[in-house]
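# Results of the structural survey
Okay, here's what each chain looks like letter by letter:
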Amino acid sequence: IMKRLRPKCKVYACEPTTAAPLAKSLAHGKPCTVDYKPSFIDGCGGKGILNPMWPLAKSVLDGSLVVTPEDTATTIRHLVEYNRVVAEGAGAVSVAAAMKGLAGTKGNVVCIVSGGGLNSTALVDILRGNTPGGA
């Protein structure tokens, strides 16, 4: 719908560097797999893009923005400290990409922030300035 209402609007997916098959698939023009590394960002990304999703993804997305778990942890800490929002890893990757300027530095940027799937141990680790280990 967004593309129909605002054709110039860019729509991006966001993935962690530890699981970014969409970015690789878009770069190669076909569904690809990647070496998946478990992380606390377990609600997005994976080993590969599902074949039935490929036609839709390539038709509506302008790209996939990829961020590190470290950038995502820093973003979660920022969201908690400055916005009083607790997002899970997958819910914070879009904000991490925006904060790094990956979505552009001019105009408005809208991020979907979601999820409550961040356990308290990982959250405490993040708030202490660390990046949690694998899932």
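That block above? That's the structure.
Attention here is on the structure that accompanies the text. All chains use their own residue numbering, which begins from 1 and follows the written sequence. A pLDDT threshold of at least 70 governs which residues receive local features in this predicted model, and a stricter bar of 80 or more applies before side-chain atom pairs are shown or counted, although totals over entire chains, interfaces and linings include all residues. For side-chain calculations, the full set of non-hydrogen atoms in the structure is used, while hydrogens and water are omitted.

### Concerning the environment of Ser-114
Counting from the N terminus, the helices are the DSSP runs of H or I reaching at least four residues and the strands are the DSSP runs of E reaching at least two. Mapped onto the elements, Ser-114 comes out in the loop between helix H5 (89-99) and helix H6 (120-127). Given a relative accessible area of 37%, Ser-114 falls into the partly exposed group. Taking C-alpha positions, Ser-114 is 4.3 Å from Gly-91, a pair spaced 23 residues apart along the chain. Here Ser-114 is in contact with Ala-87, Glu-88 and Gly-91, once residues within four sequence places are set aside. Here's how the labels work: a residue is buried when its accessible area is under 20% of the maximum for its type, exposed when over 50%, partly exposed in between, all with a 1.4 Å probe on protein chains only. Any pair of residues with heavy atoms lying within 4.5 Å of one another is described as a contacting pair.

### Here we look at the pattern of salt bridges
Salt bridges are defined by distance alone: a side-chain nitrogen of Lys or Arg within 4 Å of a carboxyl oxygen of Asp or Glu. What the rule picks out here adds up to two salt bridges. Here Lys-3 makes a salt bridge to Asp-62, at a shortest N to O gap of 2.6 Å. Placement of Lys-3 in helix H1 (residues 2-5) and of Asp-62 in the loop between helix H3 (54-60) and strand S2 (63-67) is noted, with a sequence separation of 59 residues between them. A relative accessible area of 34% places Asp-62 in the partly exposed class. In this structure, Lys-100 engages Asp-71 in a salt bridge whose closest nitrogen and oxygen atoms are separated by 3.6 Å. With a gap of 29 residues between them, Lys-100 in the loop between H5 and H6 and Asp-71 in helix H4 (residues 69-83) connect regions that are remote in the sequence. Asp-71 sits in the partly exposed class, given a relative accessible area of 22%.

### Some remarks on the pairing of strand S1 (residues 12-16)
Within S1, four of the five residues are buried, which leaves the element mostly enclosed by the surrounding structure. Paired strands, as defined in this entry, are two strands with at least two bridges between them according to DSSP. In this sheet, S2 lies alongside S1 in parallel orientation, the contact comprising five bridges. Note on S2: the bridge partner recorded for Ala-13 is Ser-64.

### Things to note about unusual backbone geometry
Phi is positive for Arg-84, close to 60°, though the residue is something other than glycine. Following the sequence through the fold, Arg-84 ends up in the loop between H4 and H5. Given the relative accessible area of 66%, Arg-84 is considered exposed.

### Considerations on the nonpolar core
Phe-40, Ile-76, Val-93, Leu-118 and Ile-126 are the most contacted members of the largest nonpolar core, which totals 21 residues. Listed by contribution, the elements that provide at least two residues to this core are S2, H4, H5 and H6. At six residues, the largest contribution of residues to this core is made by H5. Once residues lying within four places of it in the same chain are set aside, the contact partners of Ile-76 are Phe-40, Ala-87, Glu-88, Gly-89, Ala-92, Leu-118, Leu-123 and Ile-126. What we call a nonpolar core is a set of buried Ala, Val, Leu, Ile, Met, Phe, Trp, Tyr and Cys residues that are connected through their side-chain atoms within 4.5 Å. Ranked by size, the runner-up nonpolar core spans six residues in total, among them Leu-22, Ile-49, Trp-54 and Leu-61.

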